[in-house]
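Summary of structural features
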Amino acid sequence: MLNQYLPVLIFIILGVIAGCVAPTLGYLLSPKRPYPEKQSTYECGFEAFGDARKPFDVRYYLVAILFIIFDLETAFLVPWAVVFRKTGWPGMIAMGIFLGLLTIGFIYEWKKGALEWE
């Protein structure tokens, strides 16, 4: 039983090693030549302005919800399609409920105007 998990354990160990070694080598081998422009704070290529604590526009959150809707649809619809014949009608009903809920979320986004750019 544990032999089946050995490749996964090796993969995790190699991933952790690569994730630690690469940034460390980059830091150690990179040139260190600080200058005022490099050390200054910036926002999208220009000097920062305004208060960083001001609230975001609600449209930002609506776009985030829209991304989650389509991300979830892709993440669950593709594996379901692979095993569609094995799940039968119960799988079809469950996926219909799932897609119905996503459709309700999409209609909510549409009505709130998240799909319109200004």
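These numbers were taken from a predicted model, which means no experiment stands behind them. (Residues numbered from 1 in each chain as written. Predicted model: local features only at pLDDT ≥ 70, side-chain atom pairs only at ≥ 80, totals over all residues. Heavy atoms only, no water.)

1. Quick notes on the overall build of the protein chain
Of regular secondary structure, the protein chain possesses 4 helices and 0 strands. Counting only residues that meet the buried cut, the protein chain has 9% of its 118 residues in that class. A sequence separation of at least 24 residues applies to 58% of the contacts in the protein chain between residues at least 6 apart. About 10800 Å² of surface is accessible on the protein chain, with carbon and sulfur atoms providing 72% of the total. (Helix = DSSP H or I, 4+ residues; strand = E, 2+ residues; numbered from the N terminus. Buried < 20%, exposed > 50% of the residue type's maximum accessible area, 1.4 Å probe, protein only. Contact = heavy atoms within 4.5 Å. Areas by Shrake-Rupley, 256 points an atom, 1.4 Å probe, with all protein chains shown as cover.)

2. Considering the confidence of the model for the protein chain
Summing up the model confidence of the protein chain, the mean pLDDT is 83 and the portion of residues at 70 or higher is 90%. When pLDDT is averaged over each element of the protein chain, helix 1 (residues 2–29) comes out on top at 93 and helix 2 (residues 36–39) at the bottom at 76. (pLDDT = per-residue confidence, 0-100.)

3. Some thoughts on helix 3 (residues 58–82)
When the terminal C-alpha atoms of helix 3 are compared, their 37 Å separation across 25 residues agrees well with the 36 Å that a helix rising 1.5 Å per residue should span. Those residues of helix 3 that fall on the buried side of the exposure criterion are Leu-62, Leu-66, Ile-69 and Trp-80. Elements in contact with the buried residues of helix 3: helix 4 (84–112). (Expected span 1.5 Å × (residues − 1).)

4. Let's talk about the packing of aromatic side chains
The description of an aromatic ring pair rests on the distance of the ring centres and on the angle between the ring planes. In total, this model carries 4 aromatic pairs according to the counting rule given. Centre to centre, the rings of Trp-80 and Phe-84 are 5.1 Å apart; their planes meet at 70°, and the pair counts as edge-to-face. Judged by its relative accessible area of 18%, Trp-80 falls in the buried class. With a relative accessible area of 35%, Phe-84 lands in the partly exposed category. Each member of the aromatic cluster is reached from another via a ring pair, and the members are Phe-70, Phe-106 and Trp-110. (Phe/Tyr/Trp six-rings, centres within 6.5 Å; stacked < 30°, edge-to-face > 60°.)

5. Thoughts on the environment of Gly-113
With respect to the secondary-structure elements, Gly-113 resides in the segment after helix 4. Under the relative-accessibility criterion, Gly-113 is labelled buried at 19%. For the pair formed by Gly-113 and Arg-59, sequence separation is 54 residues and the distance between their alpha carbons is 8.3 Å.

6. Brief notes about the packing of helix 3 against helix 4
Following both chains from N to C, one finds helix 3 and helix 4 inclined at 165°, their axes separated by 10 Å at the closest point. Put simply, helix 3 runs roughly antiparallel to helix 4. Judged by the sense of rotation from one axis to the other, the crossing of helix 3 with helix 4 is left-handed. Of the residues assigned to the contact of helix 3 with helix 4, the class counts are 20 nonpolar, 3 polar and 3 charged. (Axes fitted to C-alpha atoms, helices over the stretch in contact; angles between N-to-C directions. Parallel < 35°, antiparallel > 145°, perpendicular 65-115°, else oblique. Left-handed = near helix turned anticlockwise from the far one by under 90°. Nonpolar A, V, L, I, M, F, W, Y, C, P; charged D, E, K, R; others polar.)

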